[in-house]
Amino acid sequence: VYRRDPERMLNGSPIYVEQNKFDSSPYEKTIGAEISYCKDEKAWVFSHKHITKKVTTKSESESECDWLIRSPETSEFNVLDVTGDWTIWTGSLQQNGHVSMIDNECHEAVDCNYNGKCIDGICDC
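A. How the structure looks around the pattern of salt bridges. The final tally for this structure, using the stated rule, is three salt bridges. Of the charged contacts in the structure, one is a salt bridge between Glu-41 and Arg-70, with a shortest N-O distance of 3.1 Å. Pair noted here: Glu-41 is in the loop between strand S3 (34–38) and strand S4 (43–47) and Arg-70 is in strand S5 (residues 69–70), with a separation of 29 residues, a long-range link. Given the relative accessible area of 25%, Glu-41 is considered partly exposed. If you follow the salt bridges from partner to partner, you end up with Asp-5, Arg-8 and Glu-34 in one network.

Now the structure itself:
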């Protein structure tokens, strides 16, 4: 579960931050992964502050493009509109990776599988 961080943008694009899978709340102690647009790669990237593809110095590891999963080149503002195969790093680069994302914003109780109420676009179970 990822939620747009309303206080942060990168290159004019939103940053989506990993949330607690049990209740979709922000992590309190755990550092979650992020999905953001990387201007240098011209792609959306999945990254995690503590997971890197290479040994780096502190300044290098803070690069905006230290990605683990990368979309094809795109100018799409909305990550949900990106099409094509993604590149996935699993110790080596894996081409033709399939990444699936959906918007889980609710509009009515049926969107919450009738297990809660839809309040301001979020299922409250």
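More follows now that the structure is in view.
B. Broad picture of the sheet that holds strand S1 (residues 2–10). Strand order in the open sheet made by the seven strands is S1-S2-S3-S4-S5-S6-S7, with antiparallel pairing throughout. Both edges of this open sheet fall to S1 and strand S7 (93–97), since each of them pairs with a single strand only. Inspection of the sheet shows S1 paired to strand S2 (residues 13–18) by five bridges, in the antiparallel sense. Residue pairing in the sheet places Met-9 in a bridge with Pro-14 of S2.

C. Structural view of the packing of aromatic side chains. What the rule picks out here adds up to three aromatic pairs. Consider the rings of Tyr-2 and Phe-46, whose centres lie 6.4 Å apart with planes at 70°: the pair is edge-to-face. Of the two residues, Tyr-2 is situated in strand S1 and Phe-46 in strand S4; the sequence distance between them amounts to 44 residues. With centroids separated by 5.8 Å and ring planes inclined at 75°, the aromatic side chains of Tyr-37 and Trp-44 adopt a geometry described as edge-to-face. The same class applies to Tyr-37 as to Trp-44, namely buried. Ring pairing ties together the aromatic residues Tyr-16, Tyr-37 and Trp-44, which thus form one cluster.

Scoring rules and cut-offs
- Residues numbered from 1 in each chain as written.
- Predicted model: local features only at pLDDT ≥ 70, side-chain atom pairs only at ≥ 80, totals over all residues.
- Heavy atoms only, no water.
- Salt bridge = Lys/Arg side-chain N within 4 Å of Asp/Glu carboxyl O.
- Helix = DSSP H or I, 4+ residues; strand = E, 2+ residues; numbered from the N terminus.
- Buried < 20%, exposed > 50% of the residue type's maximum accessible area, 1.4 Å probe, protein only.
- Pairing = 2+ DSSP bridges.
- Phe/Tyr/Trp six-rings, centres within 6.5 Å; stacked < 30°, edge-to-face > 60°.

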